[in-house]
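Examining the three-dimensional arrangement
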Amino acid sequence: MTTLEHGYDTRSRILEAARQLFAERGYAATSLADIASAVGLTKTAVAYHFHPKDRLAAELIAPAAEDIVALFETGFDGERAFVEALVTFTVRHRAIVRLIMEDISGADDAPPGSPGEVIRAFRDAIYTRLAAPDADPGRRVRAWALLGALQSVVVKTIDLPEEVVREHLLTAASALYGPSI
């Protein structure tokens, strides 16, 4: 194995350990030392690849960010297709959703240029897509209920298989929206 391949393998191992630990414990409760211990490295070795810890989080979030942008750029054939794609995205990236849950709670008050502002923008865009700009009160409540379910359920069921979580979230979405999806 070349030095370059070894470095990539180490980075990959660190990223995977961080993804799992962040999903289990949350970002704030996971230290570089915890990640280092999980991969059998020193904290200094992990810091060599990812310092500060924010760089590690940013690298983990990047694929999910690309997928959410693609979700918004896709022209869906009806509301059902969008909800299914949203549920699939959320379940697929549930470790990342867990990672950003700490920022979601403060998104409404997040300052310009902060990660919270980006999270708020995505959340509001999803809400608008679910509720529509001129939504009646019932549809607004259902849209917020689905967003809340997506945010909470994927975090609290990280131990369950993706297909099980996806199936039950789609059932819940159908119950919220009825035959319209």
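Residues numbered from 1 in each chain as written. Predicted model: local features only at pLDDT ≥ 70, side-chain atom pairs only at ≥ 80, totals over all residues. Heavy atoms only, no water.

This paragraph deals with the packing of aromatic side chains. On inspection of all chains with the given rule, the structure shows four aromatic pairs. Measuring from ring centre to ring centre gives 5.6 Å for Phe76 and Phe82, while their planes differ by 70°; the resulting arrangement is edge-to-face. The residue whose ring lies beneath Lys53 is Tyr27, and the NZ or CZ to ring-centre distance is 4.1 Å. Stacked on the ring of Phe82, the Lys or Arg Arg129 has its end atom at 4.4 Å from the ring centre. (Phe/Tyr/Trp six-rings, centres within 6.5 Å; stacked < 30°, edge-to-face > 60°. Lys NZ or Arg CZ within 6 Å of the ring centre and 35° of its normal.)

This part covers the packing of helix H8 (residues 137-156) against helix H9 (residues 162-177). Running from N to C, H8 and H9 cross one another at 165°; their axes reach a closest spacing of 10 Å. Classed by the angle they form, the pair H8 and H9 counts as roughly antiparallel. Relative to H9, the crossing made by H8 is right-handed. Residues Arg139, Arg142, Ala143, Ala145, Leu146, Ala149, Leu150, Val153 and Val154 of H8 form the contact with H9, whose participating residues are Val165, Leu169, Ala173, Leu176 and Tyr177. A class-by-class count of the residues in the contact of H8 with H9 yields twelve nonpolar, no polar and two charged. (Axes fitted to C-alpha atoms, helices over the stretch in contact; angles between N-to-C directions. Helix = DSSP H or I, 4+ residues; strand = E, 2+ residues; numbered from the N terminus. Parallel < 35°, antiparallel > 145°, perpendicular 65-115°, else oblique. Left-handed = near helix turned anticlockwise from the far one by under 90°. Contact = heavy atoms within 4.5 Å. Nonpolar A, V, L, I, M, F, W, Y, C, P; charged D, E, K, R; others polar.)

Turning to helix H2 (residues 32-39), a few remarks are in order. In an α-helix, one full turn covers 3.6 residues, which means residues spaced three or four apart are oriented alike. All buried positions along H2 are accounted for by Leu32, Ile35, Ala36 and Val39. All buried residues of H2 lie within an arc of 100° about the axis, which places them on one face of the element. Opposite the buried face of H2, at more than 90 degrees from it, the exposed residues are Ser37 and Ala38. (Buried < 20%, exposed > 50% of the residue type's maximum accessible area, 1.4 Å probe, protein only. Arc of directions from axis to C-beta.)

In this section: the confidence of the model for the protein chain. Predicted coordinates in regions of low pLDDT should not be interpreted in detail. Considering every residue of the protein chain, the mean pLDDT works out to 85; 88% of them sit at 70 or more. Taking the mean pLDDT of every element in the protein chain, the minimum, 73, falls on helix H6 (residues 94-104) and the maximum, 96, on H2. (pLDDT = per-residue confidence, 0-100.)

Moving on, we get to the side chain of His93. Assignment of secondary structure puts His93 in the loop between helix H5 (79-92) and H6. Judged by its relative accessible area of 10%, His93 falls in the buried class. Leaving out residues up to four positions away in the same chain, His93 has contacts with Pro63, Ala64 and Asp67.

Attention now goes to the nonpolar core. Counting residues in hydrophobic clusters, the biggest one holds 45 residues, and the most contacted among them are Phe22, Ile35, Leu56, Leu130 and Leu169. The set of elements that each furnish at least two residues to this core consists of helix H1 (3-25), H2, helix H4 (53-73), H5, H6, helix H7 (115-131), H8 and H9. With seven residues, the single largest contributor to this core is H8. Those residues in contact with Ile35 that sit more than four places away from it in its chain are Ile14, Ala17, Ala18, Leu21, Phe22, Thr30, Val46 and Leu56. (Core = buried A, V, L, I, M, F, W, Y, C linked by side-chain atoms within 4.5 Å.)

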